[in-house]
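Structural description and commentary
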Amino acid sequence: MKLKSVYVCSECGHETPKWFGKCPSCENYNTFVEEVVEKEKKVNYNFKKPESLKEIKSMSENRISTKIAELDRVLSGGIVEGSLILVGGDPGIGKSTLLLQICQSIGDSGKDILYVSGEESNRQIKLRAERLSITTEKLLILSETNIGIIEESIRKVNPKLVIIDSIQTMFREEIASVPGSVSQVRESTQTFMKIAKSLNISIIIVGHVTKEGALAGPKVLEHMVDTVLYFEGEKGMSYRIIRAVKNRFGSTNEIGVFEMKEKGLVEIKNPSEYMLLGRPLGVPGSSVTCNIEGTRPILTEIQALVCPTSFGMPRRMASGLDYNRVVMLMAVLEKRAGLALGTYDSYVNVAGGLKITETSIDAAVVASILSSYKNKFIDPYLMVFGEVGLTGEIRAVPMAEKRVAEAGKLGFKKCVLPKANVKSLKNIGDIEIKAVNNIVELLEFII
């Protein structure tokens, strides 16, 4: 059998017979690696009759509850039997910790779990399990990286759940490339997909991430699996967020919020209350808004600091927000509200370390900047949201009733929102509503 050498892009999986400095597909630099592949034999295939859509019987998915409410929320009710789930996140953020906690929960219900580790020995896993008080007798540990051995072990043990930590350490002997290469990762994932579907076993695989925060390996890895979960969190913060960016069995962009403690990850039942913990009252430059993560409303504090610049060029900084969006909002304030911000340094921050991409918080950013500029504080029990346009108008945002209801639960008395959203409000309780059309009306009301 003849062998041939090809170059494969480690980012997108594009194959080419010669090396390129820049990938013609994804346009990334220095991503091509050389791999040896076997020339495939010609095989004759038989015809397989397609089924009509009406003939296919619909069935509801059987789910395994992890008994961790925040995780079940992200998974739309639990782990679907026979599904392949990919979990990614920075080193040390808590992926292995959460997986062991899942083992305890599922093991308590009498289901067998096989934990396959390619990075740690059985003793190392035992030490972590003791620290996390994992005592289930249904958890089996296998320290192995050979896919052939792992596949045979899964077939003999026949567990309900298999955890692979991590996919970058797995390899097939038939492939002449090192573990973690494009071919090895792709073929290993394909093998686990076949096992999951043929034996109806749920499999969770852990993936490493690059310095940019994306999952390492070819992008096809995310396309092959049923669900992709990302672990997010700042190193200096104790909270962790699990976000579903792909889910074939439920909604995407749902999040689960946890706090990292000595005994592992603990669920945060009320993220809004947690994010506003320690919020300063009666201080200029602080406002509260509500952003939607999936279907969950979360109250967040937006802070701004505006002070005269000591240099000819004023500084602009944004933490947790899109920098260009903040600069644009400041330009709108200068043009439409007459604020002379050209000689002031401006710093905008989302308190708590959250990262928000939603435009519904524009009004709160504008309010915080004005509050700091005028050195006057905003009512601490007032919540504001709305999208700001280039002409200074405040546009409607989705799920306004959910945002107002969340503010009412935490004791807020007033809410400033776009006038176009007032018609959609029904059950809002005792909270006072102020509808505004543009930033001039907004600024006159809050200051």
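A look at the packing of helix H9 (residues 362-374) against helix H11 (residues 439-446)
At a closest axis distance of 10 Å, the pairing of H9 and H11 adopts a crossing angle of 50 degrees. Taken together, the axis directions place H9 and H11 in an arrangement best described as oblique. Note that H9 runs across H11; the crossing there is right-handed. Mapping the contact onto sequence places Ala363, Val366, Ala367 and Leu370 in H9 and Leu442, Leu443 and Ile446 in H11. Of the residues assigned to the contact of H9 with H11, the class counts are seven nonpolar, no polar and no charged.

A few points about the pattern of salt bridges
By the definition in use, this model includes 19 salt bridges. With its nearest N and O atoms 3.8 Å apart, the salt bridge here joins Lys138 to Asp112. Remark: Asp112 occurs in the loop between helix H2 (95-108) and strand S7 (113-117) and Lys138 occurs in the loop between helix H3 (122-131) and strand S8 (139-143); sequence separation between them is 26 residues. The partner of Glu358 in a salt bridge is Arg403, and the shortest N-O contact between them spans 2.9 Å. Of this pair, Glu358 sits in the loop between strand S18 (344-350) and H9 while Arg403 sits in helix H10 (residues 400-409); the two residues are 45 residues apart in sequence, bridging distant segments of the chain. Overlapping salt bridges bring together Lys197, Asp226 and Arg248 as one network.

A look at the nonpolar core
Of all hydrophobic cores here, the largest spans 41 residues; its most connected members are Leu321, Leu333, Val348, Ile369, Leu442 and Ile446. Broken down by secondary-structure element, the contributors of at least two residues to this core are strand S12 (239-247), strand S13 (255-261), strand S16 (296-308), helix H8 (323-337), S18, H9, strand S19 (382-384) and H11. Looking at this core, the element that brings in the most residues is H9, giving seven residues. Setting aside residues no more than four positions away along its own chain, Val348 makes contact with Ile302, Gln303, Ala304, Met317, Ala318, Ser319, Leu321, Val326, Val365 and Ile369. Judged by nonpolar contacts, the second largest core, of 32 residues, contains Leu71, Ala129, Leu229 and Ala244.

Description of H10
By the burial criterion, the buried members of H10 are Ala400, Arg403, Val404, Glu406 and Ala407. Buried residues of H10, viewed axially, fall in a sector of 160 degrees; they line one side. Against helix H7 (271-275), strand S15 (286-293), S16, S19, strand S22 (414-418) and strand S23 (432-436) lie the buried residues of H10. One or two steps after H10, the chain reaches Gly411, where phi turns positive at roughly 85 degrees.

Some words on empty space enclosed by the protein
This model, assessed by the stated rule, comprises four cavities of 30 Å³ or more. What the largest cavity holds in volume is close to 90 Å³. In terms of lining residues, the largest cavity is bounded by 14 residues, among which Leu71, Val87, Leu98, Ile102 and Leu229 are the most central. Residues belonging to the lining of the largest cavity are distributed by class as follows: 13 nonpolar, one polar and no charged.

Points about the confidence of the model for the protein chain
Here the protein chain averages 89 in pLDDT, and 95% of its residues register 70 or above. Element-level pLDDT for the protein chain is lowest in strand S3 (residues 32-38), with a mean of 75, against a maximum mean of 97 in strand S20 (residues 387-388).

Brief notes about the sheet that holds S8
Read from one edge to the other, the open sheet built from nine strands follows the order S8-S7-S9-S10-S6-S11-S12-S13-S14, with strand pairing classed as mixed. Every other strand in the sheet has two partners, leaving S8 and strand S14 (264-267) as the edge strands with one partner each. Here the strands of the sheet are splayed against their neighbours by 25 degrees on average, with no regard to which way each runs. Two strands pair when backbone bridges link them, and strand S11 (residues 227-232) and S12 are joined in this way by six bridges, in the antiparallel orientation. Each bridged residue has a counterpart across the sheet, and for Tyr230 the counterpart in S12 is Arg243.

Parameters and conventions
Within every chain, residues take consecutive numbers counted from 1 along the sequence as written. Since the coordinates come from a predicted model, pLDDT governs what is reported: local features require at least 70, and pairs of side-chain atoms require 80 or more to be given and counted, while whole-chain, interface and lining totals use all residues. Side-chain figures throughout are based on the complete set of non-hydrogen atoms in the structure, without hydrogens or water. For every element, the axis is a line fit to its C-alpha atoms; helices are fit only across the contacting stretch, and the angle between N-to-C directions ranges from 0 to 180 degrees. By the criteria applied, helices consist of DSSP H or I runs no shorter than four residues and strands consist of E runs no shorter than two, each listed in order from the N terminus. An angle below 35 degrees is read as roughly parallel, one above 145 as roughly antiparallel, one from 65 to 115 as roughly perpendicular, and any other as oblique. Throughout, a crossing is termed right-handed when the near helix is turned clockwise from the far one, and left-handed when it is turned anticlockwise from it by less than a right angle. Contacts: residue pairs with any heavy atoms within 4.5 Å of one another. Here the term charged refers only to Asp, Glu, Lys and Arg, the term nonpolar to Ala, Val, Leu, Ile, Met, Phe, Trp, Tyr, Cys and Pro, and the term polar to all other amino acids, Gly among them. Within this document, salt bridges are pairs made up of a side-chain nitrogen of Lys or Arg and a carboxyl oxygen of Asp or Glu, the two lying within 4 Å of each other. As used in this record, nonpolar core signifies buried Ala, Val, Leu, Ile, Met, Phe, Trp, Tyr and Cys residues forming a set joined through side-chain atoms within 4.5 Å. Think of it in three bands: with a 1.4 Å probe and only protein chains considered, a residue is buried below 20% of the maximum accessible area for its type, exposed above 50%, and partly exposed in between. What the arc describes is the spread of directions from the helix axis to the C-beta atoms. Every definition here rests on a 1 Å grid over the protein atoms only: cavities are sets of points where a 1.4 Å probe fits but cannot get out, pockets are open sets enclosed by protein on both sides within 12 Å along at least five of seven lines, and lining residues have some atom within 4 Å of a point. Grid points are joined across faces, edges and corners, and a volume is the space filled by probe spheres set on the points. Per-residue confidence from the predictor is reported as pLDDT, a score between 0 and 100. Note on pairing: DSSP must find at least two bridges between two strands before they are called paired.

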